[in-house]
Amino acid sequence: PLMRSSPRPSHRDALSSGDGTWDDAIRPRMDQCLEAHVSAENAPLSTRIEKFDRIGFPGGPFAEAAPDFHMYGLAKMFGDAYMKIVARDYPMVKVASVDPGLVYTDLILRMPKYRGKERGETTAVSP
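Please read all numbers here as calculations on a predicted model, not as lab measurements.

Peer 1: Describe the overall build of the chain, listing the residues and the values that go with them.
Peer 2: Helix and strand counts for the chain stand at five helices and zero strands. Each helix and strand of the chain, ordered N terminal to C terminal, gives the series α-α-α-α-α. In the chain, which comprises 127 residues, the proportion classed as buried is 31%. Taking contacts inside the chain between residues at least 6 apart in sequence as the whole, the part at least 24 apart equals 49%. Accessible area of the chain: about 7,800 Å², with a carbon and sulfur share of 55%.

Peer 1: Quick one: what's the story with the nonpolar core, residue by residue and with numbers?
Peer 2: In a soluble, globular protein the nonpolar side chains are often hidden away together inside. Ranked by internal contacts, the top residues of the largest apolar core, which has 13 residues, are Leu-15, Ile-26, Cys-33, Phe-52, Phe-57, Leu-74 and Phe-78. If you list the elements that add at least two residues to this core, you get helix 3 (22-39) and helix 5 (67-89). The biggest single contributor to this core is helix 5, with five residues. Non-local contacts of Phe-52, meaning those with residues more than four positions away in its chain, are made with Cys-33, Ala-36, His-37, Phe-57, Pro-58, His-70, Met-71 and Leu-74. Listed in part, the six residues of the second largest apolar core include Ile-108, Met-111, Tyr-114 and Ala-124.

Peer 1: Provide a residue-level description of the pattern of salt bridges, including the pertinent values.
Peer 2: The final tally for this structure, using the stated rule, is three salt bridges. Note that Arg-54 and Glu-50 form a salt bridge whose closest N and O atoms lie 2.5 Å from each other. With Arg-54 and Glu-50 both in helix 4 (residues 45-54), this residue pair falls four residues apart, about one helical turn. Under the relative-accessibility criterion, Arg-54 is labelled exposed at 51%. Using a relative accessible area of 44% as the deciding quantity, one classes Glu-50 as partly exposed.

Peer 1: For the environment of Ala-96, give the residues involved together with the corresponding values.
Peer 2: With respect to the element layout, Ala-96 can be found in the segment after helix 5. Distance from Ala-96 to Asp-80, taken between C-alpha atoms, is 9.0 Å for residues 16 residues apart in sequence.

Peer 1: Can you break down the environment of Pro-58 residue by residue, with the values?
Peer 2: Its location among the elements puts Pro-58 in the loop between helix 4 and helix 5. C-alpha of Pro-58 to C-alpha of Ser-5: the two residues are 53 residues apart in sequence and 9.9 Å apart in space.

Peer 1: Break down the environment of Thr-21 for me, citing the residues and quoting the values.
Peer 2: With respect to the element layout, Thr-21 can be found in the loop between helix 2 (9-17) and helix 3. Placed 68 residues apart in sequence, Thr-21 and Asp-89 show a C-alpha to C-alpha distance of 9.5 Å. Ignoring any residue separated from it by four or fewer positions in sequence, one finds Thr-21 in contact with Ile-26, Ile-85 and Arg-88.

Peer 1: Lay out the packing of aromatic side chains in plain terms, naming residues and giving numbers.
Peer 2: Enumeration according to the criterion identifies two aromatic pairs in this entry. Aromatic pair Trp-22 and Tyr-82: ring centres 5.3 Å apart, planes at 80 degrees, arrangement edge-to-face. Here the residue Trp-22 occupies a position in helix 3, and Tyr-82 occupies one in helix 5, the gap between them amounting to 60 residues.

What counts and how
Residues numbered from 1 in each chain as written. Predicted model: local features only at pLDDT ≥ 70, side-chain atom pairs only at ≥ 80, totals over all residues. Heavy atoms only, no water. Helix = DSSP H or I, 4+ residues; strand = E, 2+ residues; numbered from the N terminus. Buried < 20%, exposed > 50% of the residue type's maximum accessible area, 1.4 Å probe, protein only. Contact = heavy atoms within 4.5 Å. Areas by Shrake-Rupley, 256 points an atom, 1.4 Å probe, with all protein chains shown as cover. Core = buried A, V, L, I, M, F, W, Y, C linked by side-chain atoms within 4.5 Å. Salt bridge = Lys/Arg side-chain N within 4 Å of Asp/Glu carboxyl O. Phe/Tyr/Trp six-rings, centres within 6.5 Å; stacked < 30°, edge-to-face > 60°.

Spatial relationships are all this shows, so hold off on functional conclusions.
So this is what it looks like as structure tokens:
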């Protein structure tokens, strides 16, 4: 949910409506994000943030606090968008996309807010 609220409105609308296709709604936007990530992978954090801001996919609350989480969040957002398309195109197939909230994994332990904390010291749930 946090990642879905961050993109510029045109991206958010295209990804949340379920009206598009993989080729017109998801793939071009995903390619933009991958290009931004690869081109700034070894750059300073400010450059990475600027690249995503420029293409309309800012990191929201994770931009500075957890840049690794930003790409994960985008991947989840693109997966959710694709599930809407699959559900529309194949109504006889039951499609589910689940957002369990914050889960205690090594990924969140890279976030400064959670670094070095035990599960009980966070709001995360255990898988």
